[in-house]
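# Descriptive structure summary
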Amino acid sequence: MKKNIKLFRCAVFALFVMCINSCTKLDETVYSSFITDNFYNNKTEVLSAVLRPYTHTNAWISSSGQVGYWRVNELAGDQLAWPVKGVDGQDNGNWIRLHYHSWIPDDPNIVWDPWRLMYTGIGYCNDPIANIGKQDIAKMGISQAEKDGFIAELKLLRAFYYLKLMDLYGNIPIVTQVGEPLSPPTATRAEVFKFIEKEIKDNIDKVPVLSPGLRGRFSKAGAYAMLAELYLNAEKWTGTQRWDDCVAACDALITGSAGSQVASGMALDPNINTTFSNTNGQTSKEIIFSIAYQNPDFRGNFNSDFFHFNQKFIYDGTFNGNNGIVLIPGVYDKYKSTDLRKSNWLLIGAQFYLASPTQPVLGFREYTGQQLVFVDNIRKNKTGSLVSDMTQGEENSGVRFNKYKPGKQSDARYFSNDWSVYRLTSIYFAKAEALMRKNNGVATPAAVDLINTCKQRAFAPADWITEAYTPATLTLNELLDERGREFIFEGVRRTDLIRFDKFVNTAWWDHTPSNDKTKELFPIPLRQIAVNTKLTQNPGY
């Protein structure tokens, strides 16, 4: 086990150096990314090829500083925004168009970048699937079981890519071989759904259960989590309900039969901060699949999207950020004052040095020389203006991200937070929702118990008495609100709003609903259609 973990870390570090340019300066070869045909001479090289797509996954599934799945799925929703703050945040109007749902088919960032990043990653999966498949096990120094397991793991990761592409774009081409065909045709969303489901089912029993040595990699647990997400959204994605299948996939994880990344077994983390701490890879019982980090070899880059220009002082760290993403005004008030998620995961008010608690952190733009005070509004407070929209921010505008805390620079695992993609709490919520949907939207006692078990961790015992849900108070609308409170910053909000039919017909701060159902999908990038005439544009574009 220790040898496996060490090999994993060494391979990830080596590959991180390789992927710095390939994950940030990609060309427009979308379907044919490859490593090499001459790279499988021993087990270390084979494992490196298997791990390569994971480093690329970091570029789009997490808050990584790139315009990938995470950014468009959050910034198009009703919780987070990246407003213009004085001279900062213009960024070609990207975040304004996301907030207003006014993207266009040739949008170079919002529409093209997630497509580019994810299809490039599919190429990184397809290449080792083919090469490992055709290589002799004796040459590679692995057993047949290991060979079959590596291929199955890569197919599960590829299915994950397709699941997220299907979520954003709907009707997409399916490519399983590097460069073949050169011009793949569009598959319908229902066809893509069937492909993903079959890939998961065909490979779920060929990979091991989750264990500490498989942290950050697809295992049986990750495969069940994918099935839960697939079936939870099946009615929206295909028109056919799959609630019973969703419950079954969730139960495989809730019972603990799919393993755990810690030796003590899979369970909900009793403390709401453990799942997101800088030691979560070693201590979190509930993480099912994550992007695994080990600073300084390979770390998350969430500071880029979230941190203020002087935020390193707040954490006694070394990283600042671009002063970008904040809570939409009013979201902060959706949390009760007694909700520990409000005080632990969100950052507001006057800021001080962690290393010197009476020393104020100072501003950098409008508030140079003055204390930095984060506020729950987006307007030019310094001039007394009450105008509040996406163009009117200052450097202190908005409640801030505090869910993933990097620790202090002196900590052994400073900024080594793994980015959780699937966690057991989301499985509890998925099962509860499936039970409610089966029951015509009415909460069953089992659904209430699932949500209460998760929510109770966010309240002190004395406060919980008045906060527990009942079948009467846990409506579908309340479930969506509670999902917002629990999964804020986790990259799921647009998908949730669409599933609850709230995405295009609901108003929120500085957002007027379009009532245009075509906006539930992003357009197929025009530049891709220009080079592949077999692609079909999504309706409405």
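The rules behind the values
Residues numbered from 1 in each chain as written. Predicted model: local features only at pLDDT ≥ 70, side-chain atom pairs only at ≥ 80, totals over all residues. Heavy atoms only, no water. Helix = DSSP H or I, 4+ residues; strand = E, 2+ residues; numbered from the N terminus. Rg over C-alpha atoms; globule rule 2.2 N^0.38 Å. Buried < 20%, exposed > 50% of the residue type's maximum accessible area, 1.4 Å probe, protein only. Contact = heavy atoms within 4.5 Å. Areas by Shrake-Rupley, 256 points an atom, 1.4 Å probe, with all protein chains shown as cover. 1 Å grid on protein atoms, 1.4 Å probe; cavity = no way out; pocket = protein on both sides within 12 Å on 5 of 7 lines; lining within 4 Å. Points joined across faces, edges and corners; volume = space filled by probe spheres on them. Nonpolar A, V, L, I, M, F, W, Y, C, P; charged D, E, K, R; others polar. Axes fitted to C-alpha atoms, helices over the stretch in contact; angles between N-to-C directions. Parallel < 35°, antiparallel > 145°, perpendicular 65-115°, else oblique. Left-handed = near helix turned anticlockwise from the far one by under 90°. Pairing = 2+ DSSP bridges. Phe/Tyr/Trp six-rings, centres within 6.5 Å; stacked < 30°, edge-to-face > 60°. Expected span 1.5 Å × (residues − 1). Core = buried A, V, L, I, M, F, W, Y, C linked by side-chain atoms within 4.5 Å. Disulfide = S-S within 2.5 Å. pLDDT = per-residue confidence, 0-100.

A word on the overall build of the protein. Scanning the protein from terminus to terminus reveals 21 helices and eight strands. At 23 Å, the protein has a C-alpha radius of gyration in line with the 24 Å of a compact globule built from 541 residues. By its C-alpha atoms, the protein is 70 × 50 × 50 Å across when sized along the principal axes. Counting across all 541 residues of the protein, residues that qualify as buried make up 60%. A sequence separation of at least 24 residues applies to 69% of the contacts in the protein between residues at least 6 apart. Summing over all exposed atoms, the protein offers an accessible surface of approximately 19700 Å²; the carbon and sulfur share of this is 54%.

Take empty space enclosed by the protein next. Enumeration over the complete set of coordinates arrives at five cavities of 30 Å³ or more. Roughly 360 Å³ of internal volume is contained in the largest cavity. Elements with a minimum of two residues in the lining of the largest cavity: helix H3 (69-75), helix H9 (220-232), strand E8 (419-423), helix H16 (424-438) and helix H20 (493-499). Ranked by the residues each element gives to the lining of the largest cavity, the list is headed by E8, at five residues. Its residues placed into classes, the lining of the largest cavity shows 13 nonpolar, five polar and seven charged.

Running from N to C, helix H8 (residues 189-203) and H9 point in directions that differ by 155 degrees, and their axes come no closer than 10 Å. Taken as axis vectors, H8 and H9 run roughly antiparallel relative to one another. Viewed along their axes, H8 and H9 form a crossing whose handedness is left-handed. Note on element contacts: H9 touches H8 through Ala223, Met226, Leu227, Leu230 and Tyr231, opposite Phe193, Ile196, Glu197, Ile200 and Lys201. For the contact of H8 with H9, a count of residues per class yields eight nonpolar, no polar and two charged.

Next up on the list: the environment of Phe319. By the element assignment, Phe319 lies in the loop between helix H14 (312-315) and strand E3 (326-327). As a C-alpha pair, Phe319 and Phe307 span twelve residues in sequence and 8.3 Å in three-dimensional space. Residues within four places of Phe319 in sequence aside, it is in contact with Arg299, Asn303, Phe307, Gln311, Lys312, Tyr414 and Phe415.

So, on to the pairing of E8. Counting buried residues along E8, five of its five residues qualify, which places the element largely inside the surrounding structure. The sheet contact formed by strand E2 (residues 287-291) and E8 spans four bridges and is antiparallel. Note that in E8 the partner of Phe289 across the bridge is Tyr422.

The tally for this structure, following the rule as stated, stands at 40 aromatic pairs. Their ring planes at 80 degrees and their centres at 6.0 Å tell us that Phe39 and Tyr40 sit as a pair that is edge-to-face. Looking at Tyr40, the relative accessible area reads 0%, which means it is buried. Their ring planes at 15 degrees and their centres at 5.0 Å tell us that Trp82 and Trp95 sit as a pair that is stacked. Remark: Trp95 occurs in helix H4 (residues 94-100) and Trp82 occurs in the loop between strand E1 (80-81) and H4; sequence separation between them is 13 residues.

Next up on the list: H8. If you check H8, its first and last C-alpha atoms are 21 Å apart, about what 15 residues at 1.5 Å a residue would give, namely 21 Å. Buried within H8 we find Arg189, Val192, Phe193, Phe195, Ile196, Glu197, Glu199, Ile200 and Asn203. Next to the buried residues of H8 lie helix H7 (144-169), H9 and helix H10 (234-238).

Residue Glu180 is joined to Pro181 through a cis peptide bond whose omega torsion reads -10 degrees. With an omega of 10 degrees, the peptide bond between Asn295 and Pro296 qualifies as cis. Within the element layout of this structure, Pro296 appears in the loop between E2 and helix H13 (302-306). For Asp316, which is not glycine, the phi torsion reads 55 degrees and is therefore positive. Relative accessible area serves as the criterion here: at 21%, Asp316 is assigned to the partly exposed category. With a phi close to 55 degrees, Asp501 is a non-glycine residue in the positive phi region. Here Asp501 shows up in the loop between H20 and helix H21 (526-531).

Counting residues in hydrophobic clusters, the biggest one holds 156 residues, and the most contacted among them are Phe160, Tyr169 and Ile196. Of the residues forming this core, the biggest block, 15 residues, is contributed by H7. Excluding residues within four positions of it along the chain, Tyr169 makes contact with Ile110, Val111, Pro114, Trp115, Met118, Leu521, Phe522, Pro523, Ile524, Pro525 and Asn538.

On to the state of the cysteines, then. Counted according to the given criterion, the structure contains zero disulfides. Between Cys246, a cysteine without a disulfide, and Cys250, which holds the nearest cysteine sulfur, the sulfur-to-sulfur distance is 4.1 Å. Residue class for Cys250 comes out buried when judged on its relative accessible area of 0%.

Per-chain confidence: the protein averages 93 in pLDDT, with 93% of residues scoring 70 or above. Every residue in residues 1-35 scores below 50 in pLDDT, and together they form 77 contacts with partners more than four places removed in sequence or on other chains.

Where H7 meets H8, the closest approach of the two axes is 9 Å, and the angle between their N-to-C directions is 155 degrees. As far as their axial angle goes, H8 and H7 are roughly antiparallel. Every pair of crossing elements has a handedness; the one defined by H7 and H8 is left-handed. In this structure, H7 contributes Ala152, Lys155, Leu156, Arg158, Ala159, Tyr162, Leu163, Met166 and Asp167 to the contact, and H8 contributes Arg189, Val192, Phe193, Phe195, Ile196, Glu199, Ile200 and Asn203.

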